[in-house]
Amino acid sequence: MKYKKINDATVQCIVSADDMAEYGLALSDIFERNERGEEFLRDIIERAHDEVGYQINNGNIAMQITPLKDNGLVVTFTDEGPAAFKEMLQNLKEVLQEFSAELAGQEERAQTAQTADKQDENRRMFVFGSMHQTMQYAATIPNTYSVKSHLFKEGEDYYLVLEKNRLSYKAFNRISAQAVEFGNLIAFSDERMRYLEEHGECLIRDRAVSKLRRIYRA
């Protein structure tokens with residue numbers, strides 16, 4: 001695990017897939033907040049003292065958890081209260097941009113990621129290597145979830161955009177965690193969306209998950 005102290009009250013921890021495997025954890029353990037997941041998150045906070053000298057000033061910890069490619073996570077936490085979330089999200093955006101540059105593999109896409117504008121926590125983008133992988137993922141989402149979603153194709157890759165819309169954050173995080181088992185998370189930005197609209201092909205608008213799920217299960 002790699003720790004970064006953002007300020008005296010806020011710390012960011014990048015958790016790799018190997019770290020998760022060492023603890024015997026899956027992403028679902030974290031996002032469903034079961035006993036093992038909660039214990040792992042507490043351990044991350046406790047280790048921050050030894051790693052970066054983090055001191056908890058009060059017991060009110062706010063936490064932001066975002067899945068990364070290869071089943072990793074970015075865990076950012078603060079005891080500074082809701083006002084600190086703006087700085088947390090800014091630092092999270094920078095981390096996601098770094099992973100996006102690695103994932104894109106093309107200079108133009110990397111530049112798009114590095115100049116991404118404000119991170120939108122209500123929309124997430126995933127890239128899949130094939131239509132089959134995209135449909136496999138869609139089939140894991142329960143029929144009871146109505147997911148506003150859009151599917152694009154650019155080059156050989158398929159980009160699925162999910163919107164929180166009426167979903168709870170718990171449900172939104174759960175389906176995001178499932179997505180990285182089939183594809184990779186990309187930092188969402190309006191600039192990247194414009195790039196896909198201009199240079200890619202929109203295959204399904206608005207109800208992509210529902211339509212892909214029906215096709216796969218047919």
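Residues numbered from 1 in each chain as written. Predicted model: local features only at pLDDT ≥ 70, side-chain atom pairs only at ≥ 80, totals over all residues. Heavy atoms only, no water.

A. Main features of the sheet that holds strand β8 (residues 184-186). The sheet built from 5 strands is open, its strands ordered β8-β5-β7-β6-β9 with antiparallel pairing. Bordering the open sheet on either side are β8 and β9 (201-204), each of which pairs with just one other strand. Put simply, the sheet's adjacent strands are angled 30° from each other on average, direction ignored. Here strand β5 (residues 123-128) pairs with strand β7 (residues 157-163) via 6 bridges, running antiparallel. Along β7, the bridge assignment pairs Phe128 with Tyr158. Contacting β5 and β7, helix α7 (residues 169-179) runs over the sheet at an angle of about 15° to β5. Running at roughly 55° to strand β6 (residues 148-154), helix α8 (residues 190-199) makes contact with β5, β6, β7, β8 and β9 of the sheet. (Pairing = 2+ DSSP bridges. Helix = DSSP H or I, 4+ residues; strand = E, 2+ residues; numbered from the N terminus. Axes fitted to C-alpha atoms, helices over the stretch in contact; angles between N-to-C directions. Contact = heavy atoms within 4.5 Å.)

B. Spatial organisation of the environment of Val180. Assignment of secondary structure puts Val180 in the loop between α7 and β8. Val180 gets classed as buried once you look at its relative accessible area, which sits at 5%. The sequence separation of Val180 and Leu27 amounts to 153 residues, and the corresponding C-alpha distance is 9.0 Å. Here Val180 is in contact with Leu27, Pro67, Leu68, Asn71, Phe126 and Leu185, once residues within four sequence places are set aside. (Buried < 20%, exposed > 50% of the residue type's maximum accessible area, 1.4 Å probe, protein only.)

C. Up close: unusual backbone geometry. With a phi close to 50°, Asn165 is a non-glycine residue in the positive phi region. The topology assignment puts Asn165 in the loop between β7 and α7. Taking the relative accessible area as the measure of exposure, Asn165 reaches 48% and is therefore partly exposed. Of note, the phi angle at Asp206 is positive, near 80°, even though the residue is not glycine. Within the secondary structure layout, Asp206 lies in the loop between β9 and α9 (208-217). Asp206 sits in the partly exposed class, given a relative accessible area of 38%.

D. Spatial organisation of α9. Burial in α9 covers these residues: Ala208, Val209, Ser210, Leu212 and Arg213. Against the buried residues of α9 lie α6 (131-140), β6, β7 and β9.

E. How the structure looks around the pattern of salt bridges. For the structure on display, the rule yields 4 salt bridges. Glu51 is the salt-bridge partner of Arg47, the closest N and O atoms lying 3.7 Å from each other. Highlighted residues: Arg47 and Glu51, both in helix α3 (residues 35-52), separated by 4 residues, approximately one helical turn. In this structure, the salt-bridge partner of Asp190 is Arg123, at a minimum N-O distance of 3.0 Å. Placement of the pair is Asp190 in helix α8 and Arg123 in strand β5, with a sequence separation of 67 residues. Take Asp190: its relative accessible area is 32%, and that puts it in the partly exposed class. (Salt bridge = Lys/Arg side-chain N within 4 Å of Asp/Glu carboxyl O.)

F. Here's a closer look at the nonpolar core. Counting 44 residues, the largest nonpolar core has Ile44, Leu73, Phe77, Leu162 and Ile175 as the members making the most contacts within it. Not counting residues within four places of it along the chain, the set of residues in contact with Leu162 comprises Asn122, Arg123, Arg124, Phe126, Tyr137, Val147, Lys148, Ser149, Phe172, Ile175 and Val209. Counting 9 residues, the second-largest nonpolar core is a separate cluster that includes Val127, Phe152, Tyr159 and Leu196. (Core = buried A, V, L, I, M, F, W, Y, C linked by side-chain atoms within 4.5 Å.)

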